[in-house]
Amino acid sequence: MTLSSLQQARAIARPSREQMLNREFSVQQFWNQNRDLFERAWSEWQTENEAKLPQLDSSIFDPKLRAAVEQAWVDPTAEDAVKDLWEEVFPGVYRAQFFDVERLAALREYLDGVADVDIPLRPPYGIVLNRGGAMLDPRSEGYLAAPGFQGFYREMMDAYMRPVSRLLFPDVVGYDTQTFGFSIRWQANKDTSLRPHSDASAVTLNINLNLPGEGYSGSAVSFIDPVSRRVEKTYV
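Summarised in this report is the structure supplied together with it. (Residues numbered from 1 in each chain as written. Predicted model: local features only at pLDDT ≥ 70, side-chain atom pairs only at ≥ 80, totals over all residues. Heavy atoms only, no water.)

Judged by side-chain polarity, Phe-180, Phe-182, Ile-184 and Trp-186 come together as a nonpolar surface patch covering roughly 370 Å² of accessible area. Positionally, Phe-180 belongs in the loop between α8 (147-168) and β4 (182-183). Look at Phe-180 and you get exposed, because its relative accessible area is 52%. (Patch = residues over 30% accessible without salt bridge, like charges linked within 9 Å, V, L, I, M, F, W, Y side chains within 5 Å. Areas by Shrake-Rupley, 256 points an atom, 1.4 Å probe, with all protein chains shown as cover. Salt bridge = Lys/Arg side-chain N within 4 Å of Asp/Glu carboxyl O. Helix = DSSP H or I, 4+ residues; strand = E, 2+ residues; numbered from the N terminus. Buried < 20%, exposed > 50% of the residue type's maximum accessible area, 1.4 Å probe, protein only.)

Here it is, written out as structure tokens:
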């Protein structure tokens, strides 16, 4: 009997947690050698579950942001309406409503479901091997290759993230052609802090996926002014 790609991906022997933490060469080989298999498996999973999967489309973006961005693509002279939605809360740090709170549950449901599919996903390194996270960008090993998600992700990066970044940080133009995205599921009472660090990116976008009324406290990010060394905690 021939196993489907989805069945093969679910049955495959996986690197141990220790091997992944140590970033052993065999782990990189595992992701590279099985990349095509995992991509086929994600396509099969999507086809099998198409009718019950949450719809990931532009309706997930905040209505005001979506309308401003869509108008700016039609008329570039209207792009200030996009910029006006972002509040500078610390030098070089901007905050805005990115997703529609009424539609956020669909994205959360999708990502929660992905965690149970049992196709190997590479967790983001450097975050204590986060148990519920996933790499989102096709440039990354072991990424979330479901075609439906990738279409949504590309729209977010190409129609929103990169253009908005160039509006807010015009000096990064030419340094933002690549993207590197990942999701994180923090563990209550365990993942409580990160060491101070600088991201190796021209621009970083942090999105809080907590649902309204979820009763979760946290989601604070502390920023350090590189000139004054002042530290300020902001809530996303």
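Here helix α5 (residues 63-74) spans 17 Å end to end across 12 residues, near enough to the 16 Å set by a 1.5 Å rise per residue. By the burial criterion, the buried members of α5 are Leu-65, Arg-66, Ala-68, Val-69 and Ala-72. In this fold, the buried residues of α5 make contact with α6 (80-83) and α8. Near the N-terminus of α5, the side chain that reaches the backbone nitrogen of Lys-64, with its oxygen 3.2 Å away, is that of Asp-62. (Expected span 1.5 Å × (residues − 1). Contact = heavy atoms within 4.5 Å. Polar contact = N/O pair within 3.5 Å; in protein donor to acceptor, adjacent residues only side chain to side chain.)

Attention shifts here to the side chain of Asn-34. Following the sequence through the fold, Asn-34 ends up in the loop between α3 (25-33) and α4 (35-49). Here Asn-34 falls in the buried class, since its relative accessible area comes to 15%. Here the side chain of Asn-34 touches Phe-30 through a polar contact of 2.8 Å, landing on its backbone oxygen.

By the element assignment, Asp-225 lies in the loop between β5 (220-224) and β6 (231-235). Leave out the neighbours within four places in its chain, and Asp-225 touches Phe-90, Pro-91 and Arg-230. Here Ser-228 takes part through its backbone nitrogen, which lies 3.2 Å from a polar atom of the side chain of Asp-225.

Moving on, we get to the nonpolar core. Looking at soluble globular proteins, one finds that nonpolar side chains tend to be buried together. Formed by 49 residues in total, the largest nonpolar core has its most connected members in Trp-42, Trp-45, Val-82, Phe-99, Ile-119, Leu-144 and Phe-149. For this core, the elements supplying multiple residues, two or more each, are α1 (5-11), α3, α4, α5, α7 (104-114), β3 (134-135) and α8. Residue contributions to this core peak at 11 residues, all from α8. In this view, Trp-42 contacts Val-114, Val-117, Ile-119, Leu-121, Tyr-143, Leu-144, Ala-145, Ala-146 and Pro-147; residues no more than four positions away in its chain are not counted. (Core = buried A, V, L, I, M, F, W, Y, C linked by side-chain atoms within 4.5 Å.)

Another aspect to go through is the packing of aromatic side chains. Geometrically, a pair of aromatic rings is defined through the distance of the ring centres and the angle of the planes. By the definition in use, this model includes 19 aromatic pairs. Between Phe-30 and Trp-31 the ring centres are 4.9 Å apart and the planes differ by 70 degrees, which places this aromatic pair in the edge-to-face class. Ring pairing ties together the aromatic residues Trp-42, Trp-45, Phe-61, Trp-86, Phe-98, Phe-99, Tyr-110, Phe-149, Phe-152, Tyr-153 and Tyr-160, which thus form one cluster. (Phe/Tyr/Trp six-rings, centres within 6.5 Å; stacked < 30°, edge-to-face > 60°.)

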